[in-house]
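Each chain, letter by letter, is given below.
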Amino acid sequence: MHENGLKKILIVGGGTAGWMTAAVLLHSLGRQYRIQLIESDEIGTVGVGEATIPSIMKFTSLIGLDEDEFMRRTQATFKLGIQFRNWGAQGDSYIHGFGSMGRKTGLVDFHHYWLKAWQAGRVDRLDDYSINLLACEKNRFMRARTDNPGSPLADIRHAFHFDAGLFARYLREHSEKLGVTRTEGRIASVQTHAENGFVASVTMDDGSVHEADLFIDCSGFRGLLIEQTLKTGYDDWSHWLPCDSALAVPCESVSPLLPYTRATAHGAGWQWRIPLQSRIGNGHVFCSRFMSQDEATAILMNNLDGPALAEPRLIRFVTGKRKKFWNKNVVAIGLASGFIEPLESTSIHLIQQGIVRLVELFPTGGFEQADIDEYNQQSATEFEQVRDFIVLHYHATQRDDTAFWNHCRSMDVPETLKRKMALFAANGRFFHQNDELFGETSWVQVMFGQGIRPRGYHPLVDNTGEEPIHKMLANVKTVMHAVVDRMPLHAQYVAEHCKAPPA
Ligand SMILES: Cc1cc2nc3c(=O)[nH]c(=O)nc-3n(C[C@H](O)[C@H](O)[C@H](O)COP(=O)(O)OP(=O)(O)OC[C@H]3O[C@@H](n4cnc5c(N)ncnc54)[C@H](O)[C@@H]3O)c2cc1C
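Residues numbered from 1 in each chain as written. Predicted model: local features only at pLDDT ≥ 70, side-chain atom pairs only at ≥ 80, totals over all residues.

Sorry, what's going on with the overall build of the chain here?
Check the secondary structure of the chain and you find 14 helices and 21 strands. Taking all 503 residues of the chain together, the buried fraction comes to 48%. Sequence-distant contacts in the chain: of pairs separated by 6 or more residues, those separated by 24 or more amount to 76%. (Helix = DSSP H or I, 4+ residues; strand = E, 2+ residues; numbered from the N terminus. Buried ≥ 20, exposed ≤ 12 C-beta atoms within 10 Å, placed from the backbone. Contact = placed C-beta atoms within 7 Å.)

Written out as structure tokens, the structure is:
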């Protein structure tokens, strides 16, 4: 390490995490530092990770991507939310849509007015009050219209589905233009400084040695630096999230082009469906304690919408996080830092947050333990908040048809989640904690969708009479439907704005 500060950064890994890190560091730190990225074509990348959430806009704007161009290059489609089938009970279906619900109603959140009407039997579904939910249902899409802040069109929130391989390739081109040095080959060994255990260099199969001051470990599940070298340790969360395997397979596209991800629960896990322009990405996340690989494969292949385009590929994982995300002079980002299954498409978001946090706490004049501790604390809290939201989907269920669902329904869950569920079950209340990713709309949609029925609602709602509430709800519903009916179909919008060339 240089005594008077940092000169060279080495990123180990060229998957989504490695190339996103390279792009942001180049944009935010400019040419003050030499940035090198090492990746191995022979090892390859995990090759999944194709659904995102709206926070990805922070990343695309940070590095100045042109959205239409990026969508054409990655065979992308728009995503307005996730449809959950068979989660709360078999035969159930609900959508967790991005964006807001209803309209601003002063101090009390909109859903409390809806709850009062629902408890009185005067309304039946939440979906009529959210532009994103209705657009999913009617298969429509357009980007938010910010020129008319009063219109529901201003509230549309979107993310993307894209091809993970094309995304990494696109970011690589972008970063190479900005000056990153790319080295292809396999790292055979890692050297550390004898006096402090900091990583000093990596040695490639061909014997070449690459030194740096700061190392970013984006080497995927293997955690080449953070775990294999520094033995940082791992918090295993599989007692709360028992799925440990996924089978991934692409299939041919079918019409219509849906503007949402689908997550269908099966007997010991769930299946994703991610529509791209060129194909549909599918996968079955399952728990090997409760289901064999053969059975999981059969379920996946029997539930494809089009002919399969490849053989299913198995990926094993352990849900959890590193005990430290930043240890000595190594910062782990992406799968090297931990993994929470893709039910709410949160991994790419966590990658982005890790990079932004690193820029915010960048060790300009050498490594300060206070910076490292802050980084680790913020990252741990963020992972735990996402974990709780995912556990909610498994735990809040009435399903009792398999041993897996009986286990999930009756397992103990983190105290932080218990508190949120109890608050909602009492009077429909939700409180957003310290910048947590998922806000009130998300939690309310999922808690209600999973079958938690609040016993009451906020008492301030009673200051408004039943008829004015009913009129307000009817009005919001009419406006939402009228607006969504005029939006273009998703496929039409894609064709007009960002049609990709044939794959
Ligand atoms: C089943 C599944 C589904 C997922 N779905 C989603 C989703 O829908 N949305 C989402 O946001 N996220 C999803 N994720 C997570 C997402 O795939 C990852 O967060 C993302 O791809 C980042 O991976 P990575 O870059 O950390 O690792 P990888 O893609 O595994 O890349 C590791 C890199 O390190 C390199 N490397 C490793 N060892 C060496 C070595 N010795 N020498 C040289 N190079 C080396 C490899 O060559 C590669 O370039 C999913 C993950 C899984 C497992």
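Now that the structure is up, let's keep going.
Whenever I open this one, the sheet that holds strand β12 (residues 234-236) confuses me. Can you help?
In any sheet, the strands associate via hydrogen bonds between backbone groups, in a parallel or an antiparallel arrangement. What the three strands build is an open sheet, ordered β12-β18-β21; its pairing is antiparallel. Edge positions in the open sheet fall to β12 and β21 (338-339), since each of these has one partner strand only. As paired elements, β12 and strand β18 (residues 320-322) share three bridges and run antiparallel to each other. Among the inter-strand pairings, Asp236 is bridged to a residue of β18, identified as Gly320. (Pairing = 2+ DSSP bridges.)

Even after reading the chapter, I still don't get the domain arrangement of the chain, so can you show me in this structure?
Interfaces are often sized by the accessible area lost when the parts come together. Taken domain by domain, the chain consists of domain 1 (8-50 + 163-236 + 319-367) and domain 2 (86-158 + 245-311 + 391-503). With centres defined by C-alpha atoms, the gap from domain 1 to domain 2 works out at 33 Å. The interface of domain 1 with domain 2 comprises eight residues on the first partner and 12 residues on the second. Looking at the side of domain 1 that touches domain 2, its residues break down into three nonpolar, two polar and three charged. (Domains from an automatic or database assignment. Nonpolar A, V, L, I, M, F, W, Y, C, P; charged D, E, K, R; others polar.)

For this particular structure, what's the right way to read the site of the ligand?
Inspection of the region around the ligand gives 39 residues, with Gly13, Gly15, Gly49, Gly220 and Gly334 positioned closest. Broken down by class, the residue content of the shell around the ligand amounts to 19 nonpolar, 16 polar and four charged. Here the shell around the ligand spans two domains, and each of domain 1 (8-50 + 163-236 + 319-367) and domain 2 (86-158 + 245-311 + 391-503) adds at least three residues to it. (Near = placed C-beta within 6 Å.)

Can you help me understand the nonpolar core in this one?
Burial of nonpolar side chains together is a common tendency in soluble globular proteins. Membership of the largest hydrophobic core comes to 140 residues, with the highest contact counts inside it found for Ile11, Val12, Met20, Ala22, Trp114, Phe215 and Ile333. Split by domain, this core shows at least three residues from each of two domains, domain 1 (8-50 + 163-236 + 319-367) and domain 2 (86-158 + 245-311 + 391-503). Once you skip the residues sitting within four places of it in the chain, Trp114 turns out to touch Gly102, Val123, Leu126, Tyr129 and Leu473. (Core = buried A, V, L, I, M, F, W, Y, C linked by C-beta atoms within 7 Å.)

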